[in-house]
Amino acid sequence: MKIKIPLAKPYIDKEDRYGVDEVLRSGILSLGPRLKRFEQDFANYLGVKYACAVSSGTAGLHIAVKALGLKKGDEVITSPFSFIASSNCLLYEGVRPVLVDIEENTFNIDPKKIKKAITKRTKAILVVHVFGQSADMDPIIKIARKYKLKIIEDACESLGSSYKGKKTGTLGNVSVFAFYPNKQMTTGEGGMLTTNDNKIYELALSLRNQGRSLKNNRIVHERLGYNYRMDEMSASLGVTQLKKLDWMIKERKKIANLYFKHLSKIKNIIPPIIANYNSSSWFVYVIRITNGKKDKVMKYLINKGIETKNYLPPIHLQSFMKKWFGYKIGDYPITEKVASETLALPLFIGLKESDIKLVSQTLQNALSQ
Ligand SMILES: *Cc1c(COP(=O)(O)O)cnc(C)c1O
């Protein structure tokens, strides 16, 4: 069956296209004025001192891990219910991800379970704000202070969301955002590292550009670095997308509210639960199917041309993670229960109420089979 309603779609307008065209005409395709402009605008938007644009969210997370000086033998506490990049960025440096189970309602790391996972080797907590909703940061910050741990925020899914009125990505030592085409705003591929710490910022600038010295224009490499630069076409998209981000998030909220309205009467569905201290920016709209027939429901939707995805398979049950760390089914029961029930529904700007009605009706039909 051909897909009639996709899961996600970037919102690209005339201004975005014009900006990229202008870059192409200028002939400056990397390390030019758009990069600086995007970084400044982004730092202003968040209300932080520094922003360093990179080639992807994963690259940004890798740099964050390096810039904090994390290394082989260290441990970092993080969530098993996330996109794999939040653990991979640690594994690149030989750092061990120590997984801590999630809260059943918000799907985010459960602060009550963190203390038990701390050892002498624990150096940081890598918090993921999954699906656009912040983790419960106050207790996490308290633990981090007490045990002198750094906080990395993986805000790749939560741009524009807030925790107790404060924007996610401003609550830890270093934060990372991503601009893949299914995120709240896009640069094609791309990411952003943000921080208020000058040392982390300068290391990030050097690490993304082959470890080069920032002090002069000569080719001096002070450390092992990478090519994690963002090009000017992407940065231009970043500038024009960021201008309409608040509007785009408002539109996503409208769509989420329409789903809440149309799904409310359907049995065996748990719609997303947003904690009262949070405002979600709706990366994805993920529901739970509670009658044990998620796979059937997904197949049914796809057969009717409605795209859906399994958000998210547990990290600890990926084959290489099982092989490396000996994880098995039962290790993180809440994550496993949630993961066995969750699926994502189409959410993008331009999705109409009639589409949402169709998705809801199709779900109802699938569940009453
Ligand atoms: C999207 C995402 C990333 C980074 O993705 P890239 O594709 O590398 O830009 C990292 N962590 C999470 C939780 C994500 O959803």
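This one's a predicted model, so the numbers in the text were calculated from it and none came from an experiment.

Conventions we followed
Residues numbered from 1 in each chain as written. Predicted model: local features only at pLDDT ≥ 70, side-chain atom pairs only at ≥ 80, totals over all residues. Heavy atoms only, no water. Helix = DSSP H or I, 4+ residues; strand = E, 2+ residues; numbered from the N terminus. Rg over C-alpha atoms; globule rule 2.2 N^0.38 Å. Buried < 20%, exposed > 50% of the residue type's maximum accessible area, 1.4 Å probe, protein only. Contact = heavy atoms within 4.5 Å. Areas by Shrake-Rupley, 256 points an atom, 1.4 Å probe, with all protein chains shown as cover. Lys, Arg positive; Asp, Glu negative; His and termini not counted. Charge placed at Lys NZ, Arg CZ, Asp CG, Glu CD. Pairing = 2+ DSSP bridges. Near = heavy atom within 4 Å. Polar contact = N/O pair within 3.5 Å; in protein donor to acceptor, adjacent residues only side chain to side chain. 1 Å grid on protein atoms, 1.4 Å probe; cavity = no way out; pocket = protein on both sides within 12 Å on 5 of 7 lines; lining within 4 Å. Sits in = over half its atoms within 2 Å of the grid points. Nonpolar A, V, L, I, M, F, W, Y, C, P; charged D, E, K, R; others polar. Axes fitted to C-alpha atoms, helices over the stretch in contact; angles between N-to-C directions.

### A short note on the overall build of the protein chain
Part 1: Within the protein chain, the regular secondary structure consists of twelve helices and 13 strands.
Part 2: Computed over C-alpha atoms, the radius of gyration of the protein chain comes to 21 Å, within 12% of the 21 Å expected from 2.2 N^0.38 for 369 residues, which places it in the range of a compact globule.
Part 3: Dimensions of the protein chain, computed from the C-alpha atoms along their principal axes, are close to 70 × 55 × 35 Å.
Part 4: Considering the protein chain as a whole, with its 369 residues, one finds that 56% of them fall into the buried category.
Part 5: Counting only contacts in the protein chain whose residues sit at least 6 apart along the sequence, the fraction spanning at least 24 positions is 70%.
Part 6: Summing over all exposed atoms, the protein chain offers an accessible surface of approximately 16,700 Å²; the carbon and sulfur share of this is 52%.
Part 7: In the protein chain, which carries 59 positive and 34 negative side-chain charges, the distance between the mean positions of the two groups comes to 3 Å.

### Digging into the pairing of strand β13 (residues 342-345)
Part 1: Covered by surrounding structure in β13 are Thr342 and Ala344 together with Leu343 and Leu345, the residues of both alternating faces.
Part 2: Alignment of strand β12 (residues 285-289) against β13, held across four bridges, turns out to be antiparallel. Residue pairing for β13: Ile287 is matched across the bridge by Leu343.

### Focus: the site of the ligand
Part 1: Within the structure, the ligand sits among 14 residues, and Gly57, Thr58, Asp154, Glu157 and Lys183 are positioned closest to it.
Part 2: For the ligand, an oxygen atom lies 2.4 Å from a polar atom in the side chain of Thr58.
Part 3: At 2.8 Å, a side-chain N or O of Asp154 approaches a nitrogen atom of the ligand.
Part 4: In isolation the ligand exposes 390 Å². Once the protein is present, 92% of that is buried.
Part 5: With respect to the pocket detection grid, the ligand is positioned in the second largest pocket.
Part 6: Per-element tally for the shell around the ligand: the top contributor is helix α3 (residues 57-67), with three residues.
Part 7: Its residues assigned to classes, the shell around the ligand comprises six nonpolar, five polar and three charged.

### Let's talk about the sheet that holds strand β3 (residues 96-99)
Part 1: With mixed pairing, the seven strands of this open sheet are ordered in space as β1-β9-β8-β5-β4-β2-β3. In this open sheet, the two edge strands, each paired with only one partner strand, are β1 (50-54) and β3. Mean inter-strand twist for the sheet, computed between neighbouring axes without regard to direction, equals 25°.
Part 2: Two strands pair when backbone bridges link them, and strand β8 (residues 174-178) and strand β9 (residues 191-195) are joined in this way by four bridges, in the antiparallel orientation. For Val176, the partnering residue across the bridge sits in β9 and is Leu193.
Part 3: Strands β4 (122-128) and β5 (150-154) of the sheet are contacted by helix α5 (residues 137-146), whose axis makes an angle of about 150° with β5.
Part 4: Contacting β1, β8 and β9, helix α6 (residues 198-208) runs over the sheet at an angle of about 20° to β1.

Nothing here speaks to function; it is all geometry.
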